[in-house]
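# Chain and residue survey
Spelled out, the chains give:
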There are 4 protein chains.
Amino acid sequence: MDVGVWLVGARGSVATTVVAGAAALRAGLATPIGCVTEGPDFTGAGLPPLDRLVFGGHDVAGPPLVKKAEELSRSGVIPAPLPRLVADDLEAAEAEIRHGTDGDAEPGGATGQAAVVRRLAADITGFRERHGLARVVVIHVASTEPPVAPHPAHHDLGALTSAMEEPGRVLPPSSLYAFAALSAGCPYADFTPSTGVSLPALDELARSRGLPYAGRDAKTGETLVKTALAPMFASRALAVRSWSGTNLLGGGDGATLADPAAGESKRISKDRALPGILGHPVEGQTHIDHVPHLGDWKTAWDHITFEGFLGVRMSLQFTWQGCDSALAAPLVLDLARLLALAHERGQAGVVGELGFFFKDPLGLDEHRLQIQYDLLRAWAGSPA
Amino acid sequence: MDVGVWLVGARGSVATTVVAGAAALRAGLATPIGCVTEGPDFTGAGLPPLDRLVFGGHDVAGPPLVKKAEELSRSGVIPAPLPRLVADDLEAAEAEIRHGTDGDAEPGGATGQAAVVRRLAADITGFRERHGLARVVVIHVASTEPPVAPHPAHHDLGALTSAMEEPGRVLPPSSLYAFAALSAGCPYADFTPSTGVSLPALDELARSRGLPYAGRDAKTGETLVKTALAPMFASRALAVRSWSGTNLLGGGDGATLADPAAGESKRISKDRALPGILGHPVEGQTHIDHVPHLGDWKTAWDHITFEGFLGVRMSLQFTWQGCDSALAAPLVLDLARLLALAHERGQAGVVGELGFFFKDPLGLDEHRLQIQYDLLRAWAGSPA
Amino acid sequence: MDVGVWLVGARGSVATTVVAGAAALRAGLATPIGCVTEGPDFTGAGLPPLDRLVFGGHDVAGPPLVKKAEELSRSGVIPAPLPRLVADDLEAAEAEIRHGTDGDAEPGGATGQAAVVRRLAADITGFRERHGLARVVVIHVASTEPPVAPHPAHHDLGALTSAMEEPGRVLPPSSLYAFAALSAGCPYADFTPSTGVSLPALDELARSRGLPYAGRDAKTGETLVKTALAPMFASRALAVRSWSGTNLLGGGDGATLADPAAGESKRISKDRALPGILGHPVEGQTHIDHVPHLGDWKTAWDHITFEGFLGVRMSLQFTWQGCDSALAAPLVLDLARLLALAHERGQAGVVGELGFFFKDPLGLDEHRLQIQYDLLRAWAGSPA
Amino acid sequence: MDVGVWLVGARGSVATTVVAGAAALRAGLATPIGCVTEGPDFTGAGLPPLDRLVFGGHDVAGPPLVKKAEELSRSGVIPAPLPRLVADDLEAAEAEIRHGTDGDAEPGGATGQAAVVRRLAADITGFRERHGLARVVVIHVASTEPPVAPHPAHHDLGALTSAMEEPGRVLPPSSLYAFAALSAGCPYADFTPSTGVSLPALDELARSRGLPYAGRDAKTGETLVKTALAPMFASRALAVRSWSGTNLLGGGDGATLADPAAGESKRISKDRALPGILGHPVEGQTHIDHVPHLGDWKTAWDHITFEGFLGVRMSLQFTWQGCDSALAAPLVLDLARLLALAHERGQAGVVGELGFFFKDPLGLDEHRLQIQYDLLRAWAGSPA
């Protein structure tokens, strides 16, 4: 039976790469490079096959998927002939994209955000029914929001439900999508640092509905390397003194994060790993710069100083040059499959073992990449 | 009861840093940065304390330890005032340095290499007795030799013992030291890529004498980082296509490795890790250049290309700038303590769990740094 | 009146990019980025316009230009739609490609290399006449040859002419092309480190025929940066102690230079600049590695150590990531135009002022990039 | 006859390195690495010899020079034994350090800043007379100030002179020192981005008094490399699209520039060169981070993207690792000698030909390093 993947931000670069890539894999036009769950450690875990995924989603703007795919092929993110070869799949997904929300109340409708959630949930439910899907996993891949202002209703599901019937903004858009996904009985993942499902009231909702969720902020570059390298210093007892990072981002992501408020969400998320691994704070700042000329590419330079025996000063620096959407897309497929599995197994609440994918792993107090991978593998391999 | 550490290459930079550093730690002049076995994971393992180590060794040349230490302080490897502050310890160790071997037969003595081994073993035994040591761990930190030519006697202890009574070179110097250490009842470690103990006949000797050993070629720079980074690509299913490396070495190590034959030993050793971790060969060469102006420092630049989703090409590069002796010295202390523990526990033959320290881990078919660390920790923590 | 550009290696990546690029410029599909002679300093110098260049050449193999252009567009060297848009121009140039030489005698013809030269010269003359060209500039962009073995006839035109009527190889292919070009009355440039025109006998030929020439080995990457950076150290009196370089090359160029003999030509050429600028030799090696996965891209990492005031050690490193053909192609257009101008002005022999373009500037004992540029500008601006 | 060098910020790292280094050169303990004016291009220009310089200066705090020199030797800026070997010279300079100003009125004295200037000028005059000096050059090497708020009196010497007799702050400290230097008949240089002499009223003063001056903000790292590399792109017609820079600074300089206001002075100064050389603005930001663990060292990483032929995207990145004081100190000696020469020649007002030394070259609209050097050499070589 097919599994649905509902993408919030369905016309963005990541979502388009996901849909085009899944179609390419199904058609035998590509191999699943970058798909963690296609590795030998996940054979036999009972994951839904990649060719049984069906796509839809929400967005508030953007060109149709075929046009977006052509854009991405011009900038080298996807191979030049692909948009034409998988045009049918792109159009099928485009037909399942519904208008999302900017967080405001429904025009001419009820005054509170609850009505927005009901509409979004109905979109997802309709998708599931039209395609007769076993289940639908909702993944938020839309632009990063600023950190949310605290609100007392965030801590209690009853209070939140009441507050949302009243006029005014209680939740940011990302959390409306999470609320809608859970209301529709769907597993959910936060692929960005936006608030999304990471509020106590929504955790309560997920547990009460018996739904698994995961988050947040996929690690696809600087932080991925950080969490591979920092344990090296720790296990060798080398004393890291400073870790400075500069991230140059083009494209839409760069423009969003150039906004200091949104960038702050990202920086907070990026800065969690190091003290967690090293056990102490270190000097150094993390910059996120928007460099439009880089297009869909991103470059990160990290400079680390450390002391060795008798206090001798040494350094390590690295430069990562990656294509953001190509790094993110296969992880979206992985998360869809793994959350579908968790759902099938009846797991409720946060799935900390998916922390391997995230900068700020909800439900997991472990940032070392290898250990995270071992936890993931063990979880996937354990019988339902 | 004190434990002896017998260093082959006792007047080199690494050995001098070991002796001066251990003295500084004992005197409270430094903290044990870089000593793996001082971490919380090794408390209670029953390791001999750092301040109960006594030093001696073999060398064929070199200035006295105090002079060498002053040299090292001028080039910033050890703090400027240290040689003066620990001069007594340096002189004590200097008094325990005996003349080594270049592999030739003893002058005016018996014609075979067996006599050399007997003399070397007697030096070690004398050291143990003079100081009333519980045990002596022998660690080879002398200059890298070229790969050894195969010899039938290398495969059988009986044949080797006979052959060594005859004139001619059967073993390279490093293996003579290993033979001598085992003959004297001492655990042994190969800190360099030289042949040392890594011959079947010497493994037979170690097992028959109930002695533990470990090797070879400590990873202290490029390969250390490689074995931390390569698993990241593997666990993320990113397809590494090329891994190119250039190592710039000053000092004595650089001069030795600039010799193509010795450099070959090192390159073979360095090139083992990648295919082991990635599961397939990759493009790219590894260069080792001698740049005398770098002194005791070494710089490694590695450039990695990999493919992501849909074949998009990306890259990672890193530059490591380290001080060779400062990176090596604390690991010598770690190995001395861990092999002393293995000896006390009665472990015989190769201790694969010490592979964490080595580029070419004898007895261990695992190159991923974090997994190696976990194996080491588990081994150390298990009851005797 | 039109000017011909005859490319030796006419079906290679560089030549294909030249022909496709010139067509794109003529059609207004691109701007002349990378063309030095399109800058304001060259307005009014009387250079032939870019849209009056006509292309032909020699090659010994290779797919037709249209096919090669499609290959280049797939690997991102030229924009995806270009091969289709300029297909007519590519076919017109393809129709003017003649079979070259591998240096052997003509099959079934005269026994010496002189007959080869006569055939090659006739190809060029035919091209000039068919198109009614004012002049034809011949530029060697074929694969790098190993350094040539010395031969007494290389030093004297008379001796060379006689020797070439005899059986046997007197000249390498690149020099046969140079001989043919000059025989046909054409200016000539060596774009590679191959021997080409750089023999005393051929200089004699050029001067006796009143023909200008230039060379050799265009600087398009590491050496370009080197000749921009090294003068900085010199003018600031900083003492460069080592300069190490690693060049990673994909594609055909990488494969050719992976051959130690051909690579030697390149390394010799690359190593000229530094001592010339700094006034003293420095430590360090230059590596050229073939990394096929890089395709048409090349990456160079250079590491420089230098001393400052009171002997303090510092370092600079850079990583250059460029597309070889895209860097080379506009310089081929520049050289064609500048040599056409020199020819029109009646200049005979080597034109040292074109040294700005070359790693090993024939006729110029100046490697500092800025000074070379000023010499070029002054030369171009001076009246005929 | 001796020449005086009066350093504002006389107990800082740069000043201490200047005094200790000049003493080391005089004693034959070091060679003049990094001293531009010791090169062959300046022989015969009539510069005062390095061993005829006498040092004094102003500061508001700091340990005595001998103590500061010992600090610098511990962190590797100056050789370990030097402070002891040149202790007499350090003490002689220490005896000529007078208390400076923080810009406030004299305690218990006149209410305006004019009194401060009179006191500072008297300090310099006294120094000149005590040592019978031919002339004294004043160089500002104190901490960077924030940009100064505009004031109408900055544009007219008469207005400024009147305003300074009144209570209140009209000038920042750096400009008080400049005013004092010129009042005392001394040439002056701004080594930092502080306002200093760069006000129209002070230019008027310099010209009316027949005094030369130069500035500002010595280029000793990232900007030095920038002005060597950017002309390469320009002369090759490569289209630079972005230039991003991250500067990691330890020590006092880093702490000062971590203050956003002072950092702003530096960033403005650093950002002048690129548009000046390339002729158009480019994307990218410049960061200045304080990383205390770096001590006196600084690391700059610059990442440049550019387009080549047919729009192909390429990149260059560099990492500069330098010791700030060691880079600055020899340039202070150069400026002292060159301004002494200008003074002797009777040159008044800004000396644009000294722009070679500065990020923001007063009186020179040329940022290309090589051209700046040629202008300097020509100026020095021209007869008085």
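Criteria and thresholds
- Residues numbered from 1 in each chain as written.
- Chains lettered and ligands numbered in written order.
- Predicted model: local features only at pLDDT ≥ 70, side-chain atom pairs only at ≥ 80, totals over all residues.
- Helix = DSSP H or I, 4+ residues; strand = E, 2+ residues; numbered from the N terminus.
- Rg over C-alpha atoms; globule rule 2.2 N^0.38 Å.
- Buried ≥ 20, exposed ≤ 12 C-beta atoms within 10 Å, placed from the backbone.
- Contact = placed C-beta atoms within 7 Å.
- Least-squares fit on C-alpha atoms with pLDDT ≥ 70 in both.
- Pairing = 2+ DSSP bridges.
- Axes fitted to C-alpha atoms, helices over the stretch in contact; angles between N-to-C directions.
- Expected span 1.5 Å × (residues − 1).
- Domains from an automatic or database assignment.
- Nonpolar A, V, L, I, M, F, W, Y, C, P; charged D, E, K, R; others polar.
- Parallel < 35°, antiparallel > 145°, perpendicular 65-115°, else oblique.
- Left-handed = near helix turned anticlockwise from the far one by under 90°.
- Core = buried A, V, L, I, M, F, W, Y, C linked by C-beta atoms within 7 Å.

### Side note on the overall build of chain A
Helices and strands together make up the secondary structure of chain A, namely 14 helices and 11 strands. Here the C-alpha atoms of chain A give a radius of gyration of 21 Å, agreeing with the 21 Å that 2.2 N^0.38 yields for 384 residues. Seen along its three principal axes, the alpha-carbon backbone of chain A occupies a region of about 70 × 50 × 45 Å. Considering chain A as a whole, with its 384 residues, one finds that 62% of them fall into the buried category. At a minimum sequence separation of 6, the contacts of chain A that also span at least 24 residues come to 78%.

### Structural notes on the relation of the copies chain D and chain C
Taken as rigid bodies, chain D and chain C are interconverted by a rotation of 180° and an axial shift of 0.0 Å, the fit giving an RMSD of 0.0 Å. Seen this way, the second copy is the image of the first under a two-fold rotation axis. Among all residues of chain D, the one whose C-alpha sits closest to the rotation axis is Phe-318 of chain D, at a distance of 2.0 Å. Of the interface residues in chain D, 100% have counterparts in chain C that sit at the interface too, so the contact is made through matching surfaces.

### Brief notes about the sheet that holds strand S9 (residues 297–307) of chain D
Pairing within the open sheet is mixed, and its eight strands lie in the order S8(C)-S7(C)-S9(C)-S10(C)-S10(D)-S9(D)-S7(D)-S8(D). Either end of the sheet is taken by a strand with one partner, and the two such strands are strand S8 (286–290) of chain C together with strand S8 (286–290) of chain D. For this sheet, the mean angle separating the axes of adjacent strands, direction not counted, is 10°. When strand S7 (residues 239–249) of chain D meets S8 of chain D, the two strands line up parallel, connected through five bridges. For Gly-245 of chain D, the partnering residue across the bridge sits in S8 of chain D and is Thr-286 of chain D. Packed onto the sheet, helix H9 (residues 222–235) of chain C meets strand S7 (239–249), strand S9 (297–307) and strand S10 (313–323) of chain C together with strand S10 (313–323) of chain D and runs at close to 20° relative to S9 of chain C.

### Comments concerning helix H9 (residues 222–235) of chain A
With 14 residues, H9 of chain A should reach 20 Å at 1.5 Å per residue; the first-to-last C-alpha distance of 20 Å fits that figure. Counting buried residues in H9 of chain A gives 13 out of 14 residues, a clear majority hidden from the surface.

### Considering the sheet that holds strand S1 (residues 3–8) of chain C
All names here are of chain C. In space, the seven strands of this open sheet follow the order S3-S2-S1-S4-S5-S6-S11, with parallel pairing throughout. Looking at which strands have only one partner, the edges of the open sheet turn out to be strand S3 (97–99) and strand S11 (349–350). Sheet topology places strand S6 (residues 212–214) next to S11; two bridges connect them, and they run parallel. Looking at the pairing, Tyr-213 lines up with Val-350 of S11.

### Considering helix H5 (residues 114–130) of chain D
Residue and element names in this part refer to chain D. End to end, H5 covers 24 Å across 17 residues, agreeing with the expected 24 Å (1.5 Å per residue, within 8%). In the core, the buried residues of H5 are packed alongside strand S1 (3–8), strand S2 (53–59), strand S4 (135–140) and helix H7 (173–183). Taken from the residues just after H5, Gly-132 is the one with a positive phi, measuring 55°.

### Notes on the environment of Thr-17 of chain C
Along the chain, the position of Thr-17 of chain C falls in helix H1 (residues 13–26). Along the primary structure Thr-17 of chain C and Ser-325 of chain C are separated by 308 residues, whereas in three dimensions their C-alpha atoms are 6.5 Å apart. When neighbours within four sequence positions are excluded, Thr-17 of chain C is seen to be in contact with Leu-72, Val-77, Ile-78, Ser-325, Ala-326 and Ala-329 of chain C together with Phe-309 of chain D.

### A short note on the domain arrangement of chain A
Residues and elements named next belong to chain A. Domain boundaries assigned for chain A yield domain 1 (3–217 + 326–381) and domain 2 (222–322). Centre-to-centre, using C-alpha coordinates, domain 1 lies 26 Å away from domain 2. Between domain 1 and domain 2, the residue contacts involve 19 residues of the former and 22 residues of the latter. Split by residue class, the side of domain 1 that touches domain 2 holds six nonpolar, eight polar and five charged.

### Here we look at the environment of Ala-326 of chain A
Turning to its location among the elements, Ala-326 of chain A is positioned in helix H13 (residues 324–344). In the structure, Ala-326 of chain A is positioned 45 residues away from Pro-281 of chain A in sequence and 32 Å away in space, judged by C-alpha atoms. For Ala-326 of chain A, the contacting residues outside a window of four places in its chain are Thr-17 and Val-77 of chain A together with Gly-308, Phe-309, Leu-310 and Val-312 of chain B.

### Observations concerning the packing of helix H7 (residues 173–183) of chain C against helix H8 (residues 200–209) of chain C
All names here are of chain C. Interaxial distance between H7 and H8 falls to 10 Å at its minimum, and their mutual angle equals 15°. Here H8 runs roughly parallel to H7, going by the angle between their axes. The two elements H7 and H8 cross, and the hand of that crossing is left-handed. Here Ser-175, Ala-178, Phe-179 and Leu-182 of H7 come into contact with H8, specifically with Leu-202, Leu-205, Ala-206 and Arg-209. Split by residue class, the contact of H7 with H8 holds six nonpolar, one polar and one charged.

### A short note on the nonpolar core
In terms of nonpolar packing, the biggest core is built from 540 residues, with Val-332 of chain A, Val-332 of chain B, Ile-139 and Val-332 of chain C together with Val-332 of chain D touching the most fellow members. In this structure, Val-332 of chain A is in contact with Val-14, Val-18, Ile-139, Val-141 and Phe-191 of chain A, ignoring residues within four places of it in sequence.

### Notes on unusual backbone geometry
For the bond running from Gly-215 of chain A to Arg-216 of chain A, omega is -20°, close enough to zero to count as cis. Secondary-structure assignment places Arg-216 of chain A in the loop between strand S6 (212–214) and H9. At Leu-310 of chain B, a position not held by glycine, the phi torsion is positive, near 60°. Along the chain, Leu-310 of chain B falls in the loop between strand S9 (297–307) and strand S10 (313–323).

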